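Structural features, examined
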Amino acid sequence: MKPERKHIYLIGFSGSGKSSVAKQLGAKLRCRSADMDAMIEKRFGMSIPEIFERYGERAFRDAETTILKIISRSRTRSVVATGGGCIEKSVNRRMMQKSGIVICLQCSMRELARRLHNSNDRPMLTRGESPISTMKILLSRRKPLYTQADMKISTSNLTIGEVTSRVVAQLRKCGYAD
Ligand code: S3P
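A short tour of the structure in this document, coming up. All of these numbers come straight from a predicted model, not from anything done at the bench.

1. Describing helix α4 (residues 57–73)
Its 17 residues place the ends of α4 25 Å apart at the C-alpha level, agreeing with the 24 Å of an ideal helix rising 1.5 Å per residue. The set of residues buried in α4 consists of Phe-60, Arg-61, Ala-63, Glu-64, Thr-65, Ile-67, Leu-68, Ile-71 and Ser-72.

2. Section: the sheet that holds strand β3 (residues 78–81)
For sheets, the rule is that strands pair by backbone hydrogen bonds, running either parallel or antiparallel. Spatially, the five strands line up as an open sheet ordered β2-β3-β1-β4-β5, and their pairing is parallel. In this open sheet, the two strands that pair with only one neighbour each are β2 (32–35) and β5 (151–154). On average, adjacent strands in this sheet sit at an angle of 20 degrees to one another, irrespective of strand direction. Two elements, strand β1 (residues 7–11) and β3, share three bridges in a ladder whose sense is parallel. Counterpart to Ile-8 in the pairing with β3 is Val-79. Its contacts with the sheet place helix α2 (residues 36–44) against β2 and β3, and it is angled at close to 65 degrees to β2. Running over the sheet, helix α5 (residues 90–99) touches β1 and β4 (100–106) and is turned about 115 degrees from β4.

3. Re the nonpolar core
With 33 residues, the main nonpolar core has Ile-11, Phe-13 and Met-96 as its most contacted residues. For this core, the secondary-structure elements that each account for two or more residues are β1, α2, α3 (48–55), α4, α5, β4 and α7 (131–146). Here Met-96 is in contact with Tyr-9, Ile-11, Leu-68, Thr-82, Cys-86, Ile-87 and Val-102, once residues within four sequence places are set aside. Val-79, Ile-153, Val-163 and Val-167 belong to the second-largest nonpolar core, a separate cluster that totals 20 residues.

4. What about the packing of aromatic side chains?
Evaluation of the coordinates by the stated rule reveals two aromatic pairs. Aromatic pair Phe-44 and Tyr-55: ring centres 5.6 Å apart, planes at 45 degrees, arrangement tilted. Linking Phe-44 in helix α2 with Tyr-55 in helix α3, this pair joins segments that are eleven residues apart in sequence. Residue classification places Tyr-55 among the partly exposed residues on the basis of a relative accessible area of 45%.

5. Side note on the site of the ligand
If you check the shell around the ligand, you find 13 residues, and the closest are Ser-14, Lys-18, Asp-37, Arg-61 and Arg-122. Contacts to the ligand include Ser-14, whose side-chain N or O atom sits 2.6 Å from an oxygen atom. At 2.7 Å, a side-chain N or O of Asp-37 approaches an oxygen atom of the ligand. Calculation on the ligand without its partners gives an accessible area of 390 Å², and the protein chains cover 95% of this total. Class assignment of the residues belonging to the shell around the ligand gives a composition of four nonpolar, four polar and five charged.

6. Regarding the state of the cysteines
For the structure on display, the rule yields zero disulfides. For the unlinked cysteine Cys-86, the closest cysteine sulfur is that of Cys-104, found at 12 Å. Given a relative accessible area of 0%, Cys-86 falls into the buried group. With no disulfide of its own, Cys-104 lies closest to Cys-107 among cysteine sulfurs, the gap being 10 Å.

7. Considerations on the environment of Thr-159
For Thr-159, the position within the fold is in the loop between β5 and α8 (160–173). Overall, the relative accessible area of 46% leaves Thr-159 in the partly exposed class. Expressed as a C-alpha distance, the spacing of Thr-159 and Val-21, which sit 138 residues apart in the sequence, is 9.6 Å.

8. Some details on α5
Every buried residue belonging to α5 is among Asn-92, Arg-93, Met-95, Met-96 and Ser-99, and all of these are buried. Viewed along the axis of α5, the buried residues span an arc of 160 degrees, placing them on a single side of the element. Structurally, α5 contributes buried residues whose contacts are with β1, α4, β4 and α7.

Basis of the calculations
- Residues numbered from 1 in each chain as written.
- Predicted model: local features only at pLDDT ≥ 70, side-chain atom pairs only at ≥ 80, totals over all residues.
- Heavy atoms only, no water.
- Helix = DSSP H or I, 4+ residues; strand = E, 2+ residues; numbered from the N terminus.
- Expected span 1.5 Å × (residues − 1).
- Buried < 20%, exposed > 50% of the residue type's maximum accessible area, 1.4 Å probe, protein only.
- Pairing = 2+ DSSP bridges.
- Axes fitted to C-alpha atoms, helices over the stretch in contact; angles between N-to-C directions.
- Contact = heavy atoms within 4.5 Å.
- Core = buried A, V, L, I, M, F, W, Y, C linked by side-chain atoms within 4.5 Å.
- Phe/Tyr/Trp six-rings, centres within 6.5 Å; stacked < 30°, edge-to-face > 60°.
- Near = heavy atom within 4 Å.
- Polar contact = N/O pair within 3.5 Å; in protein donor to acceptor, adjacent residues only side chain to side chain.
- Areas by Shrake-Rupley, 256 points an atom, 1.4 Å probe, with all protein chains shown as cover.
- Nonpolar A, V, L, I, M, F, W, Y, C, P; charged D, E, K, R; others polar.
- Disulfide = S-S within 2.5 Å.
- Arc of directions from axis to C-beta.

This is how it looks when you write it as structure tokens:
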């Protein structure tokens, strides 16, 4: 394992499987898994929609950066499920790139729309005219940032287990897993 970049950050749009894959990957690699959204909810003692509603997106984004700072400086290796918008801030991208390997879980727009169909806990998607039009706007802003990832794994039509195995295979190839 390359010690200077020990953490594993999963990035990607909502619904790409970051949280579920992080749990399985952590178990497979025998290291801690961290879910940034869950950590922020714990810190505020409320759900993400409630944080957005009561304190605004800015407070959520500030908390995201604070949490990332804590994780990136930790000596314990973590597999990290980031929130879908975490990559938008350059300071966040720099922290991830410096302290770990960044893996983008990619998924077709069609499948994302299907997976997010009944989601009511993602305030970013309930803002615009429709969830689909908002997804399109967010994706067009974020796609260029996804290309900066060290690895890209397609998740369309794959189970969480299959995605995890693909990630492990890629990590082994690059010397990040035994
Ligand atoms: C967000 C995605 C969410 C969560 C928050 C903001 C975004 O995470 O961090 O609602 O900006 O796209 P998931 O990617 O886990 O849905």
